[in-house]
Protein chains: 2
Amino acid sequence: MSATIHRLGSERPPSLEPMLELVAPDMNLVNAVILDRMQSDIPLIPELAGHLIAGGGKRMRPMLTLASARLLGYSGARHHKLAAAVEFIHTATLLHDDVVDSSDLRRGRRTANIIWGNPASVLVGDFLFSRSFELMVEDGSLKVLKILSNASAVIAEGEVNQLTATRRIDLGEERYLEIIGAKTAALFAAACRIAAVVAERPEADELALDAYGRNLGIAFQLVDDAIDYVSDAGTMGKDAGDDFREGKMTLPVILAYARGSDSERVFWQEAVSGRRAADTDFAEAVRLIRATRAVDDTLARARHYGQRAIDAIGGFPNGAAKDAMVEAVEFAVARAY
Amino acid sequence: MSATIHRLGSERPPSLEPMLELVAPDMNLVNAVILDRMQSDIPLIPELAGHLIAGGGKRMRPMLTLASARLLGYSGARHHKLAAAVEFIHTATLLHDDVVDSSDLRRGRRTANIIWGNPASVLVGDFLFSRSFELMVEDGSLKVLKILSNASAVIAEGEVNQLTATRRIDLGEERYLEIIGAKTAALFAAACRIAAVVAERPEADELALDAYGRNLGIAFQLVDDAIDYVSDAGTMGKDAGDDFREGKMTLPVILAYARGSDSERVFWQEAVSGRRAADTDFAEAVRLIRATRAVDDTLARARHYGQRAIDAIGGFPNGAAKDAMVEAVEFAVARAY
C-alpha cells in the first residue's frame, strides 16, 4: 500500500461535485429540517428567511458537518439537525452582515434588507439564531452547544473587530488574519468539529477536524477577498469593488499598501478613508494590486492554509469522503483563477 | 393561622424596594458576572455593552430569577450565572430594538445606535446573545437551555409580529396581547421559571413561577404602553409620544379607536398611517385617549394580569420573598398613577 500524498495543484480542475455527491442524501434530510424549522406563525419570518436560504447558497457549512461525519464513518442521524443549526447561525450572520454593510446584492440577488428593510432583517436573524439553539438543545449535547455557542460569540467579536478596523489603513496582515479567523473560520471549524462529537470520537479527531475547517475557512475568505479585486458581479454574485468602496481592509489592500511607492500609499490612504470611491479609483486600485502582485500573493496565502487543511485530515482513513474533502479545499483555493 | 390574601390596592404606595433589598447580595454577584462576561479583546464591545448595562436599568429580569430562587429557598449559586444570561438576552434585544425603532433615547440617555451607529449595536447585540448561551452551557442544564432558547425564539417572533403590525389600525386587542406576550412576557416567564429548575423543584412550581412572570410581564408592558400617552421624557426616560409617532398599535390606541366616533376613527387612521405626527396631533391623541378612558382601561387590564401574577404564587410559603414579589407586581401596575 503506497502513501497518498494529497497536494494542491493537480491536472483536472478541482470541483465541489464529489463533496456534493457524497452528502446529497444527507443534505436532503438537512434541507427538510431547515424548511421545517424556519416556519413560524408570523408569515414574514419564513418569507424573509426563505429568500436567503433558498437563494442559491452552497450550504458549505452544513456540507462540512455531513462530510466530516462521513469521514468518521458515522451512521446515525443526529448530525442532520445540527447541520441545520449551523446553517441557521450562518444565515443569521448573513442577514445581520447585510444590514451592517448596507449591502444590496448577495449571490446575485437583492438582499433581504433591501426588500424587507433593516428591521426585519435584524429580527429574523435573531429568530434564526434562537432557533439554531433550540435545534442544538433538542439534540442534547452540551459539548456541541459549547462549541457552537463559543463559535457564535467569536463570530460576533470578529464582526465587531472588522467594523472597528474599517477604513484603518494601518491594519496589517496579523490583525486581518485575526478578523477572518473569527468571522469566517470559527464556524467552518465548529461545523466540522461537531461531527466528531456526535460520532463520539476522541478529542484528537475533534481537533483535526477543527483544524481542517479553520484552515479551509481562512483560505475560503482569503480567496473571497481576492475575488473582489479581480471579478465582477456577474461571476461572483456580489458587486465588484464592494470591499473597496466600503473601505474594508482586506489582504489585497494590505499587501498593495505595504508594497506601494509613496505616491501609491497616498492613493490607498485616500481610498480607504473614502475620498476615492469612483469607478476610475477602483480601476486604479485593481491596477496597483496587480502591479504589486497583491492578489497573487493573497491566493498564495490561501493555498498555504488550504494545504494545512488537507494535511490536518491526513490521519483519517483514505476513501471517498477524504478525497471529496481534499478536493473541496482545492476547489476553494482555485475559485479565483 | 389566618389566610393571607394578597390583593392589589393597599394603602401605602407600593415600592420595588423590598425586592431590591431581598436580592441585593445576590445581585452584586450577578453584576460581577455581567461585568466579567461582557469583556472582550475588542474594546468597542465592553464600551458599548457597558453603556446600556450600566445605564440605570432596573435589572428587572435577573431580579426575578433571584427573587424566585429565594421564594423556593434555594441556597446554591447557579442562578447568578443564569440571571446574568437572562440580562444579556434582554440587553441584546434592547440593542436590536433601538436599531429597529431608530430610537434615540432610552432610560433618559442617548441610545447606543445613536452614539456608535446601527452596525455596532447589531453586532454587540449578537455578541451578548451568544455570550448568554455560553453562560447557560457552563451551567450545564439542558432544561434551562431549552427554556431560554425557546424564550429567545418567541421574543424574536414577537418582535417581527410587532413590526408587521406597525401602522395596522385594525390590529385588535387579541393580537396585541399575542405580541406583548411574546416580546416582553416570555422572558419574564423564563427568568422566573429557571429558578425552579436550578432549585430542582417539581414542574408545578416551574409552571407557577412561569405564570407569575408571564402575567407580570404582560402587566408591565401594558403600563409601559399606557405611560407613552400620559407622561413625558423626564419621568419615563424615553420620548413621550414615541409609540404614537412610530404608528405602534398599543392598547390605548386600540381602545380609543374601537370606542371612537366616526370622525375620531378617521383621526386614528390618519395618525397610525403616519399622516398626523405633529405635536398638536399627539396632543389630540392624548385628549381622545382620555375621553375614551383608553388609558384607564389599559391600566385596568394591567391590574387584571397583575392580580393573576400574585395569585399564581399563592401556593408558595408566605414570607419576605413572597411579600416582595407581590409588592413588585403592585409597583409595576401603579407606575402610571
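Treat the numbers as computed from the prediction; the structure is a model and nothing was measured.

A.B. asks: Just give me the short version of the pattern of salt bridges, but keep the residues and values in it.
C.D. replies: Residues and elements named next belong to chain B. Scanning the model with the defined rule gives 47 salt bridges over all chains in all. With its nearest N and O atoms 4.0 Å apart, the salt bridge here joins Glu-203 to Arg-193. Note that Glu-203 is positioned in helix α9 (residues 203-227) and Arg-193 in helix α8 (residues 173-198), a separation of 10 residues in sequence. Exposure remark for Arg-193: the relative accessible area of 17% places this residue in the buried category.

A.B. asks: I'd like a description of the relation of the copies chain A and chain B, backed by residues and values.
C.D. replies: Mapping chain A onto chain B leaves a residual RMSD of 0.0 Å; the transformation is a rotation of 180° accompanied by 0.0 Å of translation along its axis. The superposition operator between the copies reduces to a two-fold rotation axis. Looking at the interface residues of chain A, 97% of them are also at the interface in chain B, so both copies use one shared face.

A.B. asks: Provide a residue-level description of the interface of chain A and chain B, including the pertinent values.
C.D. replies: Contact residues are listed per partner, giving 35 residues for chain A and 34 residues for chain B. Taken together, the links from chain A to chain B amount to eight residue pairs in polar contact (both at pLDDT 80 or more). Where the side of chain A that touches chain B is concerned, the elements lending two or more residues are α2 (44-53), α4 (78-101), α6 (118-139) and α7 (142-165) of chain A. Of all the elements, α7 of chain A adds the most residues to the side of chain A that touches chain B, at 14 residues. When the residues that make up the side of chain A that touches chain B are grouped by side-chain class, the tally is 19 nonpolar, nine polar and seven charged.

A.B. asks: Give a description of the packing of helix α1 (residues 17-37) of chain A against helix α3 (residues 60-71) of chain A that names residues and reports values.
C.D. replies: Residues and elements named next belong to chain A. The interhelical angle for the contact between α1 and α3, taken along N-to-C directions, is 110°, at an axis separation of 9 Å. One element, α1, and the other, α3, form an angle in the roughly perpendicular class. Taken together, the residues of α3 that come into contact with α1 (itself represented by Met-19, Leu-20, Leu-22, Val-23, Asp-26, Met-27 and Val-30) are Pro-62, Met-63, Leu-64, Leu-66, Ala-67 and Arg-70. Considering only residue class, the contact of α1 with α3 consists of 11 nonpolar, no polar and two charged.

A.B. asks: I'd like a description of the environment of Ala-309 of chain B, backed by residues and values.
C.D. replies: Residues and elements named next belong to chain B. Structurally, Ala-309 is set in helix α15 (residues 294-312). With relative accessibility at 0%, the residue Ala-309 sits in the buried group. A sequence separation of 16 residues divides Ala-309 from Met-325, and the C-alpha atoms of the two residues are 9.3 Å apart. Sequence-distant contacts of Ala-309, that is, excluding residues within four places in its chain, are made with Tyr-212, Asn-215, Leu-216 and Val-329.

A.B. asks: I'd like a description of the side chain of Ser-68 of chain A, backed by residues and values.
C.D. replies: Relative to the elements of secondary structure, Ser-68 of chain A occurs in helix α3. With near-sequence residues (within four places) excluded, Ser-68 of chain A lies in contact with Cys-192, Ala-195, Leu-209 and Met-325 of chain A.

A.B. asks: Break down the packing of aromatic side chains for me, citing the residues and quoting the values.
C.D. replies: Evaluation of the coordinates by the stated rule reveals 13 aromatic pairs over all chains. An angle of 50° between the planes, with centres 5.6 Å apart, marks the rings of Phe-244 of chain A and Phe-282 of chain A as tilted. Here Phe-282 of chain A lies in helix α14 (residues 279-291) and Phe-244 of chain A lies in helix α11 (residues 242-245), a separation of 38 residues in the sequence. Looking at Phe-244 of chain A, the relative accessible area reads 4%, which means it is buried. Look at Phe-188 of chain B and Phe-220 of chain B: their rings are 5.2 Å apart centre to centre, the planes differ by 45°, and that puts the pair in the tilted class. Residue Phe-188 of chain B is located in helix α8, and its partner Phe-220 of chain B is located in helix α9; the two are separated by 32 residues in the primary sequence. Per residue, the accessibility class of Phe-188 of chain B equals that of Phe-220 of chain B, and both read buried. Through a chain of ring-to-ring contacts, three or more aromatic side chains come together here, namely Tyr-229, Phe-244, Phe-267, Trp-268 and Phe-282 of chain A. Above the ring of Tyr-257 of chain B, the side-chain terminus of Arg-265 of chain B is found at 4.5 Å from the ring centroid. Seen from the ring of Phe-220 of chain B, Arg-335 of chain B lies directly overhead, with NZ or CZ sitting 4.4 Å from the centre.

A.B. asks: Tell me what's going on with the side chain of Ser-141 of chain A, and back it up with residues and numbers.
C.D. replies: Residues and elements named next belong to chain A. Tracing the backbone shows Ser-141 in the loop between α6 and α7. By relative accessible area, which is 10% here, Ser-141 ends up buried. Those residues in contact with Ser-141 that lie beyond four places of it in its chain are Arg-78, Met-136 and Val-197.

A.B. asks: So, helix α6 (residues 118-139) of chain B: which residues are in play, and what are the values?
C.D. replies: Here α6 of chain B contains 22 residues, and its C-alpha end-to-end distance of 32 Å stays within 8% of the 32 Å for a straight helix at 1.5 Å per residue. In the stretch just after α6 of chain B, Gly-140 of chain B is the one whose phi turns positive, near 95°.

A.B. asks: Kindly report on the packing of α15 of chain B against helix α16 (residues 320-334) of chain B, identifying the contributing residues and their values.
C.D. replies: Residues and elements named next belong to chain B. Running from N to C, α15 and α16 point in directions that differ by 175°, and their axes come no closer than 9 Å. By the criterion of interaxial angle, the relationship of α15 to α16 is roughly antiparallel. Judged by residue contacts, Ala-302, Arg-303, Gly-306, Ala-309 and Ile-310 of α15 engage Val-326, Val-329, Glu-330 and Val-333 from α16.

A.B. asks: Explain the nonpolar core residue by residue, including any values.
C.D. replies: Core analysis: the biggest nonpolar cluster contains 172 residues, and Tyr-212 of chain A together with Tyr-212 of chain B have the highest contact counts within it. Ignoring sequence-local partners within four residues, the contact set of Tyr-212 of chain B consists of Met-19, Leu-64, Cys-192, Ala-309, Ala-312, Ile-313, Met-325, Ala-328 and Val-329 of chain B.

A.B. asks: With reference to specific residues and values, describe the environment of Ile-34 of chain B.
C.D. replies: Residue and element names in this part refer to chain B. Mapped onto the fold, Ile-34 is located in helix α1 (residues 17-37). Sequence separation of Ile-34 and Gly-158 is 124 residues, and the distance between their C-alpha atoms is 26 Å. Excluding anything up to four places from it in sequence, Ile-34 contacts Ile-53, Arg-59, Ala-84, Glu-87 and Phe-88.

Basis of the calculations
Residues numbered from 1 in each chain as written. Chains lettered and ligands numbered in written order. Predicted model: local features only at pLDDT ≥ 70, side-chain atom pairs only at ≥ 80, totals over all residues. Heavy atoms only, no water. Salt bridge = Lys/Arg side-chain N within 4 Å of Asp/Glu carboxyl O. Helix = DSSP H or I, 4+ residues; strand = E, 2+ residues; numbered from the N terminus. Buried < 20%, exposed > 50% of the residue type's maximum accessible area, 1.4 Å probe, protein only. Least-squares fit on C-alpha atoms with pLDDT ≥ 70 in both. Contact = heavy atoms within 4.5 Å. Polar contact = N/O pair within 3.5 Å; in protein donor to acceptor, adjacent residues only side chain to side chain. Nonpolar A, V, L, I, M, F, W, Y, C, P; charged D, E, K, R; others polar. Axes fitted to C-alpha atoms, helices over the stretch in contact; angles between N-to-C directions. Parallel < 35°, antiparallel > 145°, perpendicular 65-115°, else oblique. Phe/Tyr/Trp six-rings, centres within 6.5 Å; stacked < 30°, edge-to-face > 60°. Lys NZ or Arg CZ within 6 Å of the ring centre and 35° of its normal. Expected span 1.5 Å × (residues − 1). Core = buried A, V, L, I, M, F, W, Y, C linked by side-chain atoms within 4.5 Å.

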